[in-house]
Amino acid sequence: MQIVKSVAEMQSICRKLRTQDGMRGFVPTMGALHKGHISLIQRARTECQTVAASIFVNPLQFAPGEDFAQYPRTFEEDCRLLEAEGVALLFAPEAREMYPDGAVTTITVPGIGDRLDGASRPGHFTGVATVVAKLFHIVAPHRAYFGQKDAAQLAVLRQMVQDLNFDLEVVGCAIVRDTDGLALSSRNKYLNGLEREQALVLHQALVRIAKSIAGGERESSTLLQIGRNILDKATGVQVDYLAIVNAESLLPVVYVEKGTLVAVAAYVGRTRLIDNFLAA
Ligand code: PAJ
């Protein structure tokens, strides 16, 4: 695996490869890799001749007071994992390389970018859209792989790709969970033993809502109440949002249909966790 830290070098390698290496898959990450990230790499490996990944803890998508400084950084171990999964190219720039002095241009996706996590974390999706657009220009992939775990991020990026005519396909990949149902996340590392137990209520609330949908309940207000009852009873958990929305627009829906997004975000202690499912 070739590790590249400079934008110019990565862009030149990728430009040369574009004519030779067939389908190129790209998996952007912030590192601290777990099986969720690895599932994206594996999916890319089955669909593409060459897979590139990036590790970059993007300062632009963290608000002041958020966890940028504490965000887990496990670069050596990440490299070992990516190498073992057959990743050909790893782009791992420093923040100054991505945002040199004087860089001011950003990409905002109004509307979608202000909903769900965008509402709770103002400016977050501008940071995400800006860095992903830059990464797309640098890596020039044919396909880019993102997790359904970050459902709002996926919707924002699909809209950006469509609006700005990026010549690539966004591929959404299923959520990978621990055996007890907790969605894998780099932020799970922040949880102590008790919080790890308490965090399970996010998944439990979603499972309960999914069962009600399977049982024929389609009214969002009723389903939200069912989920709220479970979340409100949980100790140590502060709900940020529980929402039933259209998966593309992220706007609330009155009735659940196939593909409707049911999403939750909550603080467990000081750690903000998210989870969701798409209605069957
Ligand atoms: P990060 O949180 O490192 O996630 C990288 C990718 O892995 C995202 O597409 C995310 O949805 C996916 N992912 C995380 N946990 C997952 C899980 N349990 N199952 C499946 N996929 C999972 O998301 C980001 O980084 C950043 O915002 C980024 C897109 C890299 C831009 O900075």
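If you're wondering where the values come from, they're calculated on a predicted model, not measured in any experiment. (Residues numbered from 1 in each chain as written. Predicted model: local features only at pLDDT ≥ 70, side-chain atom pairs only at ≥ 80, totals over all residues. Heavy atoms only, no water.)

Observations concerning the side chain of His37
Okay, so step 1: Structurally, the position occupied by His37 is in helix H2 (residues 35–47).
Okay, so step 2: The exposure class of His37 is buried, given its relative accessible area of 14%.
Okay, so step 3: Look past the residues within four positions of His37 in its chain and what remains in contact with it is Thr29, Gly31, Ala32 and Ser186. (Helix = DSSP H or I, 4+ residues; strand = E, 2+ residues; numbered from the N terminus. Buried < 20%, exposed > 50% of the residue type's maximum accessible area, 1.4 Å probe, protein only. Contact = heavy atoms within 4.5 Å.)

Some points on the sheet that holds strand S9 (residues 271–278)
Okay, so step 1: Read across the sheet, three strands follow the order S7-S8-S9 without closing on themselves; strand pairing throughout is antiparallel. Two strands bound the open sheet, and with one partner strand each, they are strand S7 (237–245) and S9. Taking each pair of neighbouring strands and ignoring which way they run, the sheet shows an average axis angle of 15 degrees.
Okay, so step 2: Inspection of the sheet shows S7 paired to strand S8 (residues 261–268) by eight bridges, in the antiparallel sense. Paired with Ile244 across the bridge in S8 is Val262.
Okay, so step 3: Of the strands in this sheet, S7, S8 and S9 touch helix H9 (residues 200–214), which is tilted by about 20 degrees from S9. (Pairing = 2+ DSSP bridges. Axes fitted to C-alpha atoms, helices over the stretch in contact; angles between N-to-C directions.)

Description of the site of the ligand
Okay, so step 1: In the region of the ligand, 20 residues are neighbours, and Gln61, Gly147, Asp150, Gln153 and Leu184 sit closest.
Okay, so step 2: For the ligand, whose accessible area on its own is 630 Å², the fraction buried by protein is 96%.
Okay, so step 3: Of all elements in the fold, only strand S2 (24–29), H2, helix H6 (124–139) and strand S5 (143–147) reach the threshold of two or more residues within the shell around the ligand.
Okay, so step 4: Broken down by element, the shell around the ligand gets its largest block of residues, three residues, from H2.
Okay, so step 5: A class-by-class count of the residues in the shell around the ligand yields eleven nonpolar, seven polar and two charged. (Near = heavy atom within 4 Å. Areas by Shrake-Rupley, 256 points an atom, 1.4 Å probe, with all protein chains shown as cover. Nonpolar A, V, L, I, M, F, W, Y, C, P; charged D, E, K, R; others polar.)

Notes on the packing of aromatic side chains
Okay, so step 1: Counted according to the given criterion, the structure contains six aromatic pairs.
Okay, so step 2: Measuring from ring centre to ring centre gives 5.4 Å for Phe62 and Phe68, while their planes differ by 65 degrees; the resulting arrangement is edge-to-face.
Okay, so step 3: For the pair Phe136 and Phe166, a centre-to-centre distance of 5.5 Å together with 70 degrees between the ring planes defines the contact as edge-to-face. Note that Phe136 is positioned in helix H6 and Phe166 in the loop between helix H7 (151–163) and strand S6 (169–173), a separation of 30 residues in sequence. Of the two residues, Phe136 and Phe166, neither departs from the other in class, the shared state being buried.
Okay, so step 4: Ring pairs connect the aromatic residues Phe26, Phe136, Phe146 and Phe166, which therefore count as one cluster.
Okay, so step 5: When the ring centre of Phe75 is taken as reference, the NZ or CZ atom of Lys5 above it lies at 5.0 Å.
Okay, so step 6: One Lys or Arg, Arg73, reaches over the ring of Phe68 and ends 4.9 Å from the middle of that ring. (Phe/Tyr/Trp six-rings, centres within 6.5 Å; stacked < 30°, edge-to-face > 60°. Lys NZ or Arg CZ within 6 Å of the ring centre and 35° of its normal.)

In short, geometric facts, not functional conclusions.
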